[in-house]
Amino acid sequence: MKNIIIFGAPGSGKGTYSDEIVKRYNMGHISTGDVLRGEIKNGTELGKVAKGYIDQGQLIPDDLMIDILAKVYDENEPGRGVIFDGFPRTIAQAEALKKMLAERGHEMGIMIELVVDEETLMTRLLRRAEIEGRADDNEETIKKRFEVYHQKTEPLAQWFEKEGIRHTFTWKGSKEQMLDEIFAGIEQLN
Ligand code: AMP
């Protein structure tokens, strides 16, 4: 199985679809958001630094993020495909990911872009706030995260386009339909 990068705005379903893909293809799963929340929960130094950025809806600095990613990637079972969820979020991170994988004789594989309208995203995130109580799921921080997404992350879609691995899936109101399309896409590309 190739590596997969799942890409999209906050609330676009990266975590949800990653879980389904991981189950179906028995892949490794690296969610940088989950890694950071774990560090915060454990009260580590990294967690303390990360919390300051996450609570403001800002990105953790690239250097720090790239080091964390390489460390977590190397803990994955060798030879097993990995789904990268929430990474890369900047061009610098994308370049670093490509380099890190090449150094290990690996490739990026497939980029899956989830496109969802902003009204649906906001509704989902506010609902998630009620269920999961994530500190950064409040209206003010969500708006900041959208802004950061548009500014720093969205331009990356073009970067993946140039790499020839961008595959876009647009929300049409049904999770099942989205999932069928994503699975069909992955199977065609593997
Ligand atoms: P997520 O769970 O993917 O929505 O991530 C939650 C928060 O963690 C983001 O709003 C960022 O503050 C931080 N974060 C997660 N992944 C990254 C990344 N690749 N680069 C920088 N910050 C990140």
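Preceding this paragraph is the structure being described.
Overview of the structure. Note that the coordinates shown come from a computational prediction; the quantities given were computed from them, not determined experimentally.

## Thoughts on the pairing of strand β1 (residues 4-8)
Then, number 1: Of all five residues in β1, five are buried, a share of seventy percent or more.
Then, number 2: Here β1 shows two buried faces, one formed by Ile4, Ile6 and Gly8 and the other by Ile5 and Phe7.
Then, number 3: When β1 meets strand β4 (residues 110-115), the two strands line up parallel, connected through five bridges. Directly across from Ile5, in β4, lies its bridge partner Met111.

## Notes on the sheet that holds strand β3 (residues 82-85)
Then, number 1: A sheet is described by the order of its strands in space; here five strands give the open sequence β2-β3-β1-β4-β5, paired in parallel fashion. The open sheet has two edge strands with one neighbour each: β2 (28-31) and β5 (166-170). Ignoring which end each strand starts from, the neighbouring axes of this sheet average 20 degrees apart.
Then, number 2: Relative to β3, β2 is paired through four bridges, and the arrangement is parallel. When the bridges of β3 are listed, His29 appears paired with Ile83.
Then, number 3: Against the sheet, helix α2 (residues 32-41) engages β2 and β3, with an angle of about 65 degrees to β2.

Basis of the calculations
- Residues numbered from 1 in each chain as written.
- Predicted model: local features only at pLDDT ≥ 70, side-chain atom pairs only at ≥ 80, totals over all residues.
- Heavy atoms only, no water.
- Buried < 20%, exposed > 50% of the residue type's maximum accessible area, 1.4 Å probe, protein only.
- Helix = DSSP H or I, 4+ residues; strand = E, 2+ residues; numbered from the N terminus.
- Pairing = 2+ DSSP bridges.
- Axes fitted to C-alpha atoms, helices over the stretch in contact; angles between N-to-C directions.
- Contact = heavy atoms within 4.5 Å.

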